[in-house]
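Breakdown of the fold
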Amino acid sequence: MKKDALLAGKAWFSHPALSVLLFLVWLLLQQSLSFAHVLMAALLSVALPRLLHGLLGPAMRPKRWALVLRFGLIVLWDIVVSNVTVARLVLGPSAKPQPAWVRVPLALRQPGPIMLLATIITTTPGTVSCVVDDEAHEIWVHALDCIDAQEMAAQIKQRYEQPLLEIFE
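Residues numbered from 1 in each chain as written. Predicted model: local features only at pLDDT ≥ 70, side-chain atom pairs only at ≥ 80, totals over all residues. Heavy atoms only, no water.

Concerning the pattern of salt bridges
A side chain with one charge can pair with a side chain of the opposite charge if their charged atoms come near. Inspection of the entire model under this criterion finds four salt bridges. Put simply, R159 and D78 hold a salt bridge, and the shortest N to O gap is 2.7 Å. Remark: D78 occurs in helix 5 (residues 65–91) and R159 occurs in helix 7 (residues 149–168); sequence separation between them is 81 residues. A relative accessible area of 26% places R159 in the partly exposed class. Judged by relative accessible area, D78 falls into the buried class, the value being 10%. (Salt bridge = Lys/Arg side-chain N within 4 Å of Asp/Glu carboxyl O. Helix = DSSP H or I, 4+ residues; strand = E, 2+ residues; numbered from the N terminus. Buried < 20%, exposed > 50% of the residue type's maximum accessible area, 1.4 Å probe, protein only.)

So, in structure tokens, the structure goes:
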């Protein structure tokens, strides 16, 4: 009986990172630290992951926390640089983008890190992850402007997949 109670308690906090994120995002959206907003943030951060527990799947547990912050900064930097690059490409009078499909073979095997890689690719302007092929262990990326597809695939693997491998696997 005691073990069942512990497992039930674990289900309430099965996604602690999501709970912390929900708590912080709620307070940022409210722009207030009043008691009511902190209480509501706490309630949402506990209740939402519990309600969505069956849909969320297993929580991703980083194995190397030191790399998480550095990797987050790299991704944010790439998003900013890509925004400027895409703006120049789209607004430039003589710009001639060369769209391409890029096949990126994956060393990642866990669904959570693969989903995170696809999300990072999609949130970086100029690229969209379109297909994740679980059987072939690859992801297909559409690039707005790509001169060398193999070089872009190598860059995605080196810049994003390799750190995710180190963090999660």
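Next comes the rest of the description.
Here's the deal with the sheet that holds strand 1 (residues 100–105)
Here three strands make up an open sheet; going across it, the order is 1-3-2 and the pairing antiparallel. Across the chains shown, the open sheet's two edge strands, defined by having one partner strand only, are strand 1 and strand 2 (127–133). Each neighbouring strand pair of the sheet contributes to a mean axis angle of 25°, computed without reference to strand direction. Each of strand 2 and strand 3 (138–143) touches helix 6 (residues 111–123); the most contacted strand, strand 2, lies at about 155° to it. In the packing of helix 7 onto the sheet, the strands contacted are strand 1, strand 2 and strand 3, and the crossing angle to strand 1 comes to about 45°. (Pairing = 2+ DSSP bridges. Axes fitted to C-alpha atoms, helices over the stretch in contact; angles between N-to-C directions. Contact = heavy atoms within 4.5 Å.)

Examining the pairing of strand 3
Every regular strand shows the same layout, with side chains that alternate between the two sheet faces. As judged from the six bridges shared by strand 1 and strand 3, these two strands associate in the antiparallel manner. Bridge assignment links A100 to a residue of strand 3, and that residue is A143. Between strand 2 and strand 3, which pair antiparallel one after the other, the connecting turn spans four residues, and H137 there sits at a positive phi close to 55°.

Quick word on the nonpolar core
Inside soluble globular proteins, nonpolar side chains tend to come together where they are buried. Ranked by internal contacts, the top residues of the largest apolar core, which has 25 residues, are L117 and I156. For this core, the secondary-structure elements that each account for two or more residues are helix 5, strand 1, helix 6, strand 3 and helix 7. Counting residues per element, this core draws most heavily on helix 7, at eight residues. Leaving out residues up to four positions away in the same chain, I156 has contacts with V104, L117, I121, V141 and E161. (Core = buried A, V, L, I, M, F, W, Y, C linked by side-chain atoms within 4.5 Å.)

With respect to helix 6
Here helix 6 contains 13 residues, and its C-alpha end-to-end distance of 18 Å stays within 8% of the 18 Å for a straight helix at 1.5 Å per residue. Within the span of helix 6, buried status applies to G112, P113, I114, L117, A118, I120 and I121. Where helix 6 is buried, its residues contact helix 5, strand 2, strand 3 and helix 7. (Expected span 1.5 Å × (residues − 1).)

Remarks on the packing of helix 2 (residues 16–30) against helix 3 (residues 35–51)
With their axes 8 Å apart at the nearest point, helix 2 and helix 3 run at an angle of 145° to one another. As for the relative orientation of helix 2 and helix 3, their crossing is right-handed in sense. Residues L18, S19, L22, F23, W26, L27 and Q30 of helix 2 lie in contact with helix 3, whose contacting residues are H37, V38, M40, A41, A42, L44, S45, L48 and P49. Of the residues that constitute the contact of helix 2 with helix 3, the class distribution is 12 nonpolar, four polar and no charged. (Left-handed = near helix turned anticlockwise from the far one by under 90°. Nonpolar A, V, L, I, M, F, W, Y, C, P; charged D, E, K, R; others polar.)

Concerning the side chain of S19
Counting through the fold element by element, S19 comes out in helix 2. For S19, a relative accessible area of 8% corresponds to the buried category. Contacts of S19, omitting those with residues within four sequence positions, involve S45 and P49.

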